[in-house]
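A structural walkthrough
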Amino acid sequence: MTATVTIRHVVEVGQFDRAGIEALFAAADRMRDLPRGQDPLRGHLLATIFYEPSTRTRLSFEAAMLRLGGQVLSTENAREFSSAIKGESVEDTVRIVGGYADAIVLRHHEQGAAHRAAAVSPVPILNAGDGPGEHPTQALLDLYTIRHELGRIDGLRVALVGDLRFGRTARSLARLFKLTRGTELLFVSPPAVPMGADVRAELDAAGVRWREETDLAAVLPEVDVVYQTRIQKERFATPAEYEAARGVYVVDAAALARLGPGAVVLHPLPRVDEIAVEVDADPRAAYFRQARNGVFVRMALLEHVLGAGA
Ligand code: CP
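Conventions and cut-offs
Residues numbered from 1 in each chain as written. Predicted model: local features only at pLDDT ≥ 70, side-chain atom pairs only at ≥ 80, totals over all residues. Heavy atoms only, no water. Salt bridge = Lys/Arg side-chain N within 4 Å of Asp/Glu carboxyl O. Helix = DSSP H or I, 4+ residues; strand = E, 2+ residues; numbered from the N terminus. Buried < 20%, exposed > 50% of the residue type's maximum accessible area, 1.4 Å probe, protein only. 1 Å grid on protein atoms, 1.4 Å probe; cavity = no way out; pocket = protein on both sides within 12 Å on 5 of 7 lines; lining within 4 Å. Points joined across faces, edges and corners; volume = space filled by probe spheres on them. Nonpolar A, V, L, I, M, F, W, Y, C, P; charged D, E, K, R; others polar. Domains from an automatic or database assignment. Contact = heavy atoms within 4.5 Å. Buried area = accessible area lost by both parts, 1.4 Å probe. Polar contact = N/O pair within 3.5 Å; in protein donor to acceptor, adjacent residues only side chain to side chain. Near = heavy atom within 4 Å. Sits in = over half its atoms within 2 Å of the grid points.

Any two side chains of opposite charge can pair, on the condition that their charged atoms come close. Tallied over the entire structure, the rule returns 31 salt bridges. One salt bridge in this structure joins arginine 168 and glutamate 52, with 3.0 Å as the shortest N-O distance. Note that arginine 168 is positioned in helix 7 (residues 168–176) and glutamate 52 in the loop between strand 1 (45–50) and helix 2 (56–67), a separation of 116 residues in sequence. Residue classification places arginine 168 among the buried residues on the basis of a relative accessible area of 7%. Among the residues examined, glutamate 52 registers a relative accessible area of 10% and is labelled buried.

Let us look at empty space enclosed by the protein. This structure, assessed with the given rule, holds two cavities of 30 Å³ or more. In this model, the largest cavity occupies a volume close to 100 Å³. If you trace the largest cavity, you find 15 residues lining it, with Ile231, Ala245, Arg246, Gly247 and Glu274 closest to the centre. Considering only residue class, the lining of the largest cavity consists of seven nonpolar, four polar and four charged. Considered as a void within the structure, the second largest cavity measures approximately 50 Å³ in volume. In terms of lining, the second largest cavity is formed by Arg56, Ser60, Gln138, Leu141, His267, Pro268, Gln290, Ala291, Gly294 and Arg298. When contributions to the lining of the second largest cavity are tallied by element, the ones reaching two or more residues are helix 2, helix 6 (136–150) and helix 12 (287–305).

Right, let's get into the domain arrangement of the protein. Each assigned domain of the protein is listed with its residue range as follows: domain 1 (13–134 + 294–305) and domain 2 (136–291). The centre of domain 1, based on its C-alpha atoms, is set 24 Å off from the matching centre of domain 2. Facing the 29 residues of domain 1 at the interface are 27 residues of domain 2. Buried area between domain 1 and domain 2, both sides added, is near 2500 Å², and the carbon and sulfur share of it is 57%. Across the contact surface, domain 1 and domain 2 share five salt bridges. Aspartate 154 is the partner of arginine 18 in a salt bridge, and the nearest nitrogen-oxygen pair spans 2.9 Å. Across the contact surface, domain 1 and domain 2 share 16 residue pairs in polar contact (both at pLDDT 80 or more). Looking at the side of domain 1 that touches domain 2, the elements with two or more residues in it are helix 1 (18–32), helix 2, strand 3 (103–108), strand 4 (125–130) and helix 12. The element that contributes the greatest number of residues to the side of domain 1 that touches domain 2 is helix 1, accounting for seven residues.

Further remarks concern the site of the ligand. Surrounding the ligand, one finds Ser54, Thr55, Arg56, Thr57, Arg107, His135, Gln138, Pro268 and Leu269. With respect to the ligand, the side chain of serine 54 contributes an N or O atom lying 2.6 Å from an oxygen atom. Proline 268 is positioned with one of its backbone polar atoms (N or O) 2.9 Å from a nitrogen atom of the ligand. More than half of the atoms of the ligand fall within 2 Å of the grid points belonging to the largest pocket. Grouping the amino acids of the shell around the ligand by side-chain chemistry returns two nonpolar, five polar and two charged. Counting only domains with at least three residues in the shell around the ligand, you end up with domain 1 (13–134 + 294–305) and domain 2 (136–291).

Estimated volume of the largest pocket: approximately 430 Å³. Considering the residues around the largest pocket, the lining is formed by 23 residues, among which Arg107, Arg168, Arg230, Leu269 and Pro270 are closest to the centre. Of the residues belonging to the lining of the largest pocket, the class tally is five nonpolar, ten polar and eight charged. Counting contributing residues per domain, the lining of the largest pocket is built from domain 1 (13–134 + 294–305) and domain 2 (136–291), each supplying no fewer than three.

The structure is reproduced here in structure tokens:
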């Protein structure tokens, strides 16, 4: 990846500029067609440390590293099966693992953990989600998917739907749209989980238009992208608060009927019931292609932080 800025740790989307994401997406396109036998990261070792569950982020990072010819060591339930259970801090853990591996992918339950890890790590840290904070590599693959599906990232009207308060993917993606032009964001969330005032203030400062909407059916005909998200049960204080927020906004066949023919439906996944299975067969349902794109974007990121880029 040729970028204006060399990024050592990937902890938040604010580190990227427009030229940087254009370069990253070009590198991801190249990864899509990387001939077998080209192993630019041969001899490099990636550690994945996950204190929270994951299917896509951990396995796509590991697939990315293996596809580039590198190797992987992993702890997939670090909260229980690493020395965190004995009281070891995340700072000490990355200091140690940074002596074993050339880069670390870290998912942690505390907001800010990736920043704390990056401050002491001897090797690059890639934030795979820090509590309700950020999930920068997900946002990058989301925007890459929009470009791949629609052919552009500017001049779009995008509905961010669901849990915008705890949903780190929606928070990171909204911030990433600051690098685009002519974007309008529509926030459609249950009252308990609105988009944070911090993100709304950042968008205002960057001149990104946004508005809050309550009627998903009414906005569907006017949007290019529906970015649906899961209501994050694990981040609610009580089951009653979760029950009040779930099931309010569902993308189903009736919703698809109102969506334009050139629009796409994205979701960072996993889904519970906020996208009906009947939607999967529609060509506008792009969420499984989106998940696959994660491998290509993460290959490009690994190549960049490990210094093997073009
Ligand atoms: N999108 C996402 O972060 O999925 P996982 O929790 O499965 O990694």
